[in-house]
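Single-letter residue listing:
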Amino acid sequence: MSPDRTDHTSKIVGTAWGLLILNTLGSAGAKTIIPLPRSLIQMVTMGALVAAFALALAVNLRLRIRASAFVFLLTLLLVPSVISSAHLESGFGALFRCTRLALFVGTLWLLSRWWDGSLTFVRHHIRMYFAVLGSVAAGLVVSPGAAMPELYGGRLVGALWPLTPPQIGQYAAVIIGLTVLLVLGRRTDRASAAVIIVPSLILLALTHTRTATLGLFIGLVLAIGSLILTSAAARRFFVWAVLCATVAAVAFASALEAWFLRGQSQENFSNLTGRAKVWDALLAAPRTTSEQLFGMGLGDKSFGGLPIDNSWLAVYSEQGLTGVALVAAIIIVLGGVALLRPPSLSRACAIFLISYCAIASYTEAGLGDASPYLLHLAVAASLLAAPAAATPVPTPGGPRRRVPRWAQRSEVT
């Protein structure tokens, strides 16, 4: 394949990945400066998914795919999703969500051809989410009141596109962590990294998102820890990070505590802002054997009109114990493969993404349906994939034919 054609294909693959990210931005959130009908937003996001599938199919017409336990387990997750959704207990929207998940998984299968352990999809990930954060920053500049409304306690939201504080915090934390690792691996310069890290840190702080902040720091500790034995830059960064964190914890203890509590009482904080009450009610609700095994069908990740905000309980509610087992298998398989790989930058990025998703799963939903979390894990799967085998170069004139010894003797005589 010529270099020009390779670059063209790479751009199409990157565009398809960006469209997948656009599809997972969601349609529910804060009020925007220009009111956007939810039907219009859903049309844009679903159109993005269809376009992503079409582009992935266009560059992979021969349907060449890579073996991937991650995408295979996602495909199996479709089974309990369809079985439970076919009962229509969650309405016809459940079948629509199943179709969306099937297209999402199908697009990942088509793009898996380019999963070769390189950092290509990490860069696609950072670029697209940085563009999303750029829209958030633009909304903050244009209308600070709409970007930090009292409805959300003064936390940063999307004023141009309806994004909630946890969403913005998640996107900021993920690209900060990945960019820090690229700097440590000397795959980008510090000036370019600062352009991404500094504004993303500011936006993360304005969201007051505790889950994203904890996921960022714990994920980086685990990822950098995997590089300490082989990277002097990782060792230096780890030492300086520990020193700075210690000084900050001592000097700004009261400010950090106030930021972390977000003005909540100890009781409200202890029950996770009311999440624990929803979880208890969900687990106490009566279920048939079929509902326990396969769930109630894909829905909006809520129970009794309140968000579940826990990936495991959301999967249990919608896809049952079968779905929980498959999602657990996804995390275990990716984590096990990452631990078995030799130390490298790709492995460190994968460890960061896997650990971040595992931590966020406790207070955020999304591991059982098309979501940014599944895209994070897909990037981790691409980083852990073995490089494609090199195609042997044919010798000029075709393969040489072996000449028998008796023929060689006759030629000499």
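Please refer to the structure placed before this passage.
Source: prediction; values computed, not measured. (Residues numbered from 1 in each chain as written. Predicted model: local features only at pLDDT ≥ 70, side-chain atom pairs only at ≥ 80, totals over all residues. Heavy atoms only, no water.)

Undergrad: How do you make sense of the packing of aromatic side chains when you look at a structure like this?
TA: Geometrically, a pair of aromatic rings is defined through the distance of the ring centres and the angle of the planes. Scanning all chains against the criterion turns up four aromatic pairs. Judged by centre distance (5.4 Å) and plane angle (70 degrees), the ring pair of W279 and Y362 falls under edge-to-face. Of this pair, W279 sits in helix α13 (residues 275–284) while Y362 sits in the loop between α16 (345–360) and α17 (372–384), and the two are 83 residues apart along the sequence. Given the relative accessible area of 8%, W279 is considered buried. (Phe/Tyr/Trp six-rings, centres within 6.5 Å; stacked < 30°, edge-to-face > 60°. Helix = DSSP H or I, 4+ residues; strand = E, 2+ residues; numbered from the N terminus. Buried < 20%, exposed > 50% of the residue type's maximum accessible area, 1.4 Å probe, protein only.)

Undergrad: What is the right way to read the environment of T211 from this model?
TA: By the secondary structure assignment, T211 is in helix α9 (residues 210–225). Each C-alpha atom of the pair T211 and G169 lies 8.3 Å from the other, and the pair is 42 residues apart in sequence. Each residue touching T211, except ones within four places of it in the same chain, is listed here: A360 and T363. (Contact = heavy atoms within 4.5 Å.)

Undergrad: Where do I start with the layout of surface pockets in this structure?
TA: Roughly 1,400 Å³ of volume is contained in the second largest pocket. Contributing to the lining of the second largest pocket are 36 residues, with L201, F217, F237, A241 and A245 lying nearest its centre. In terms of residue count, helix α10 (residues 232–251) provides more of the lining of the second largest pocket than any other element does, eleven residues in total. When the residues that make up the lining of the second largest pocket are grouped by side-chain class, the tally is 31 nonpolar, one polar and four charged. (1 Å grid on protein atoms, 1.4 Å probe; cavity = no way out; pocket = protein on both sides within 12 Å on 5 of 7 lines; lining within 4 Å. Points joined across faces, edges and corners; volume = space filled by probe spheres on them. Nonpolar A, V, L, I, M, F, W, Y, C, P; charged D, E, K, R; others polar.)

Undergrad: Looking at this structure, I do not really get the nonpolar core. What am I missing?
TA: Nonpolar side chains in soluble globular proteins generally cluster together in the buried interior. Counting residues in hydrophobic clusters, the biggest one holds 99 residues, and the most contacted among them are W17, L20, F70, L108, W115, L181 and L377. Take this core: its biggest share by element is twelve residues, from helix α7 (residues 165–184). When residues no more than four places from it in sequence are discounted, the contact partners of L377 are F70, I330, I331, L334, L353, I354, C357 and L367. In terms of nonpolar packing, the next biggest core, distinct from the first, is built from six residues, L282, I308, L313 and A314 among them. (Core = buried A, V, L, I, M, F, W, Y, C linked by side-chain atoms within 4.5 Å.)

Undergrad: Would you mind showing me how to read a positive patch on the surface here?
TA: Positive charge collects at one region of the surface, where R186, R190, R235 and R236 lie side by side. One can find R186 in the loop between α7 and α8 (190–207). (Patch = residues over 30% accessible without salt bridge, like charges linked within 9 Å, V, L, I, M, F, W, Y side chains within 5 Å. Areas by Shrake-Rupley, 256 points an atom, 1.4 Å probe, with all protein chains shown as cover. Salt bridge = Lys/Arg side-chain N within 4 Å of Asp/Glu carboxyl O. Lys, Arg positive; Asp, Glu negative; His and termini not counted. Charge placed at Lys NZ, Arg CZ, Asp CG, Glu CD.)

Undergrad: Hey, could you run me through a nonpolar patch on the surface in this one?
TA: Taken together, the side chains of I33, I34, L36, L40, M43, V44, V141, V142 and L160 present a nonpolar region at the surface, about 810 Å² in accessible area. Looking at the nonpolar patch, the element that brings in the most residues is helix α2 (residues 38–58), giving three residues. In this structure, L40 sits in helix α2.

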